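This is what each chain is made of:
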Amino acid sequence: MAEGDTILRAKRRLADALAGQAVAVSAPNPRGRAAGIERLDGRTLAGVDAHGKHLPFDFGDLVLHSHLGMSGGWHVYERGARWHRPRSSAWAVLGGERADAVQFGGPTLRVLRASRVAIDPQLARLGPDILAEDLDLDRILARFRAAGQSRTLGDALLDQHLTAGIGNIFKSEACWAARIDPWHKLVEVSDDDLRAVLQAAREQMLAAVELGDRHRFHVYKHRGPCSRCRGTVRHRGQGDANRTTWWCGRCQV
């Protein structure tokens, strides 16, 4: 699933390609037509935002909301360039002056009235974005402390109502960087340690925004010994969703 770093990179690409332009909008795939995105045709895209794993496109009194899930993706092509996937599989095409932005797949593509965003069930309940420029870690810490303290740390880090943007990769990577066992219950994790995990997630994700595919993962899907202590890297499903967590059994305590 696309995590906050991927979404922030996508926001930058999309904004650079289309913001401030009147956009030609089409939906080659029936999924896009069902979402009613053709209502946006000819409107000016004022800007693109990123909040956790969500991309809201600002078209004035209307907002295009995209969530990519496990399989979706936004591609940006120079006008006339060959696409990497068939046109018929494109849910949305946003055509600008020099480039086309194309969404393929994903669980969410819909048009909302801008006046409804603040009360929308999917968007209004999101926690603070872990990559926000004005991030307040104390605010996020308070949300974790107000949650059920019997939850394990790794499971809580995936809760987008507590903080938005962390997914399975950086859940594992942040706990490894902070040397904290993701299987500890929240009640067993001190405020200092919880803050260290959240800060590590933010720093690693911001680095991944800049490095992209060149970002190095230390524990996620790591098949050899721990690169820090040579201990055994373990993995198993965690939480109700059984999302796989990766951690070192020696140096994460």
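Residues numbered from 1 in each chain as written. Predicted model: local features only at pLDDT ≥ 70, side-chain atom pairs only at ≥ 80, totals over all residues. Heavy atoms only, no water.

Caption draft 1: The overall build of the chain, seen in detail. Helix and strand counts for the chain stand at 6 helices and 10 strands. Over its C-alpha trace the chain gives a radius of gyration of 20 Å, about what one expects of a compact globule, namely 18 Å for 253 residues. Oriented by its inertia axes, the alpha-carbon framework of the chain measures out at about 55 × 40 × 30 Å. When burial is assessed residue by residue, the chain has 53% of its 253 residues classed as buried. In the chain, once contacts between residues fewer than 6 apart in sequence are set aside, the share between residues at least 24 apart is 63%. Element-wise, carbon and sulfur atoms account for 47% of the exposed surface of the chain, whose accessible area totals about 11,900 Å². Within the chain, one finds 37 positive and 29 negative side-chain charges whose respective centroids are separated by 6 Å. (Helix = DSSP H or I, 4+ residues; strand = E, 2+ residues; numbered from the N terminus. Rg over C-alpha atoms; globule rule 2.2 N^0.38 Å. Buried < 20%, exposed > 50% of the residue type's maximum accessible area, 1.4 Å probe, protein only. Contact = heavy atoms within 4.5 Å. Areas by Shrake-Rupley, 256 points an atom, 1.4 Å probe, with all protein chains shown as cover. Lys, Arg positive; Asp, Glu negative; His and termini not counted. Charge placed at Lys NZ, Arg CZ, Asp CG, Glu CD.)

Caption draft 2: Geometry of the packing of aromatic side chains. Using the criterion set out here, one finds 7 aromatic pairs in the structure. Between tyrosine 77 and tryptophan 83 the ring centres are 5.8 Å apart and the planes differ by 15°, which places this aromatic pair in the stacked class. Tyrosine 77 sits in the buried class, given a relative accessible area of 5%. Judged by centre distance (6.0 Å) and plane angle (75°), the rings of phenylalanine 170 and phenylalanine 217 are edge-to-face. Of this pair, phenylalanine 170 sits in helix H5 (residues 168–177) while phenylalanine 217 sits in the loop between helix H6 (191–211) and strand S9 (233–238), placing them 47 residues apart in sequence. Residue class for phenylalanine 217 comes out partly exposed when judged on its relative accessible area of 33%. Through successive ring pairs, a cluster of aromatic residues spans Phe170, Phe217, Tyr220 and Trp246. The lysine or arginine in question, arginine 236, covers the ring of tryptophan 183, its NZ or CZ lying 3.8 Å from the ring centre. (Phe/Tyr/Trp six-rings, centres within 6.5 Å; stacked < 30°, edge-to-face > 60°. Lys NZ or Arg CZ within 6 Å of the ring centre and 35° of its normal.)

Caption draft 3: Seen up close, H5. Of all 10 residues that make up H5, 9 are buried, and the element is covered over most of its length. Within the span of H5, buried status applies to Asn168, Ile169, Phe170, Lys171, Ser172, Glu173, Ala174, Cys175 and Trp176. On its buried side, H5 packs onto helix H1 (4–18), helix H4 (153–157), H6, S9 and strand S10 (243–248). Of the residues trailing H5, arginine 179 is marked for its positive phi of about 60°.

Caption draft 4: Molecular detail of unusual backbone geometry. One non-glycine residue with positive phi stands out, namely arginine 179, at about 60°. Topologically, arginine 179 is positioned in the loop between H5 and H6. A relative accessible area of 43% means that arginine 179 is categorised as partly exposed. Here arginine 230, not a glycine, exhibits a phi torsion of approximately 70°, which is positive. Here arginine 230 is to be found in the loop between H6 and S9. Residue classification places arginine 230 among the exposed positions, given a relative accessible area of 58%.

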